[in-house]
Amino acid sequence: MKAQELIRSIEAEQLKSDLPVVHIGDTVRVGVKIKEGEKERTQPYEGVVIARGSAGISQNITVRRVFQGVGVERVFLIHSPRIESIKVLRRGKVRRAKLYFLRERTGKATRLKQRFDRPL
């Protein structure tokens with residue numbers, strides 16, 4: 001049990017505390033740190049959260065966007081040091097825990113109704 005307590009204490013130090021509450025269906029802008037040679041910059045990635053997974057230090061979100069007519073999904077570890085910021089732009093009204101059905105849809109069929117009862 002001593003090793004598990006040590007692991008939990010190290011993980012607790014790594015957890016971020018300034019994260020917004022992100023729900024399925026929300027449109028988010030994730031600031032990802034990208035290293036190019038010696039320089040480091042933040043690249044925004046904007047899309048709809050279609051899934052959440054795990055808990056604790058390994059908690060992640062899957063963000064989907066359509067770029068040049070092709071659907072692109074990225075999985076972000078929320079507590080990763082590469083994630084600089086997560087900003088909720090829009091709240092989506094959904095009835096499912098996973099929005100994988102959006103993969104088959106194109107165009108206006110991928111739109112979600114906006115939800116106004118939760119603050120941004």
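One can find the structure itself at the top, above this paragraph.
Just so it is clear, the structure is predicted and the values come from calculations on it, not from any experiment.

Asker: An account of the overall build of the protein is requested, with residue identities and associated values reported.
Answerer: A tally of regular secondary structure across the protein gives one helix and five strands. Put simply, the protein runs from its N terminus to its C terminus through helices and strands in the order α-β-β-β-β-β. The principal-axis extents of the C-alpha atoms in the protein amount to approximately 50 × 40 × 25 Å. Intrachain contacts of the protein at a sequence separation of at least 6 include 51% that bridge at least 24 residues. A total of about 8,700 Å² of accessible surface is found on the protein, and carbon and sulfur atoms cover 51% of it. Across the protein, the 27 positively charged side chains and the 13 negatively charged ones have centroids separated by 10 Å.

Asker: Summarise the side chain of Asp 26; cite the residues concerned and give the values.
Answerer: Along the chain, Asp 26 falls in the loop between helix 1 (2–14) and strand 1 (27–36). For Asp 26, the side chain forms a polar contact with the side chain of Arg 91, separated by 2.6 Å.

Asker: A description of the pattern of salt bridges should follow, citing residues and the corresponding values.
Answerer: Evaluated as defined, the whole model comprises six salt bridges. The residue Arg 91 makes a salt bridge to Asp 26 at a minimum N-O spacing of 2.6 Å. With Arg 91 in the segment after strand 5 (83–90) and Asp 26 in the loop between helix 1 and strand 1, this residue pair connects regions lying 65 residues apart in the sequence. Summarising the burial analysis for this pair, Arg 91 and Asp 26 share the class buried. With its nearest N and O atoms 3.1 Å apart, the salt bridge here joins Arg 64 to Glu 73. Judged by relative accessible area, Arg 64 falls into the buried class, the value being 15%. Several salt bridges converge on common partners, so that one network encompasses Arg 64, Glu 73 and Arg 103.

Asker: Residues and numbers for the sheet that holds strand 4 (residues 70–77), please.
Answerer: Overall, antiparallel pairing links the five strands, which are arranged 4-3-2-1-5 in an open sheet. Only two strands of the sheet have a single partner each, and these edge strands are strand 4 and strand 5. Strand-to-strand twist in this sheet, taken as the mean axis angle between neighbours without regard to direction, amounts to 40°. In terms of strand pairing, strand 1 meets strand 5 through six bridges, oriented antiparallel. Bridge pairing in strand 5 links Gly 31 to Ser 85.

Cut-offs and rules
Residues numbered from 1 in each chain as written. Predicted model: local features only at pLDDT ≥ 70, side-chain atom pairs only at ≥ 80, totals over all residues. Heavy atoms only, no water. Helix = DSSP H or I, 4+ residues; strand = E, 2+ residues; numbered from the N terminus. Contact = heavy atoms within 4.5 Å. Areas by Shrake-Rupley, 256 points an atom, 1.4 Å probe, with all protein chains shown as cover. Lys, Arg positive; Asp, Glu negative; His and termini not counted. Charge placed at Lys NZ, Arg CZ, Asp CG, Glu CD. Polar contact = N/O pair within 3.5 Å; in protein donor to acceptor, adjacent residues only side chain to side chain. Salt bridge = Lys/Arg side-chain N within 4 Å of Asp/Glu carboxyl O. Buried < 20%, exposed > 50% of the residue type's maximum accessible area, 1.4 Å probe, protein only. Pairing = 2+ DSSP bridges. Axes fitted to C-alpha atoms, helices over the stretch in contact; angles between N-to-C directions.

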